[in-house]
Amino acid sequence: MNTSGNVSGAVNAAIVILGASGDLAKRKLIPALSKLYDKSQIDPKSVIVGTGRTEFSDVSFREHFGIPGDFSERLHYHKGIPGLKKYIDSLGSFDRIVF
């Protein structure tokens, strides 16, 4: 970590959470990613893509977590695995896709 608090070499990434409609994502994963984003340790062009069996729109997925601010705009949702890569590609170009 450098002195400004940013991670050295932070990259524009798509971070994919499998099972994102579940309790672990709601209680632990999304709040932790939100804190990292607030500390500028996640590139502001990165996106968080949740996938799961529950039917959500991007808006209802964001509301599910109740996290205000800029970070919530980085949250996206795709139901299921089929078509996930195409959906991620539709969100932009990323240096990395992290599962």
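In the block above lies the structure referred to throughout.
Residues numbered from 1 in each chain as written. Predicted model: local features only at pLDDT ≥ 70, side-chain atom pairs only at ≥ 80, totals over all residues. Heavy atoms only, no water.

(A) Just unusual backbone geometry, in detail. Unusually for a residue other than glycine, serine 40 sits at a positive phi of about 60°. Topologically, serine 40 is positioned in the loop between helix H1 (23–38) and strand E2 (47–52). (Helix = DSSP H or I, 4+ residues; strand = E, 2+ residues; numbered from the N terminus.)

(B) Structural context of the sheet that holds strand E3 (residues 75–79). Across the sheet, 4 strands lie side by side as E3-E2-E1-E4; this open sheet has parallel pairing. Every other strand in the sheet has two partners, leaving E3 and strand E4 (96–98) as the edge strands with one partner each. The sheet shows a mean angle of 25° between the axes of neighbouring strands, taken without regard to direction. Across the face of the sheet, helix H2 (residues 58–65) comes into contact with E2 and E3 while running at roughly 120° to E3. Packing against the sheet, helix H3 (residues 84–91) makes contact with strand E1 (13–18), E2, E3 and E4, and its axis sits at approximately 155° to E2. (Pairing = 2+ DSSP bridges. Axes fitted to C-alpha atoms, helices over the stretch in contact; angles between N-to-C directions. Contact = heavy atoms within 4.5 Å.)

(C) Spotlight on the pairing of E2. With 6 of 6 residues buried, E2 lies mostly within the body of the structure. In this fold, the crossover linking E1 to E2 by way of H1 has right-handed handedness. Examined bridge by bridge, E2 and E3 share 5 bridges and lie parallel to one another. By the bridge assignment for E3, glycine 52 is matched with lysine 79. (Buried < 20%, exposed > 50% of the residue type's maximum accessible area, 1.4 Å probe, protein only. Right-handed = clockwise from strand over helix to strand, strands pointing away.)

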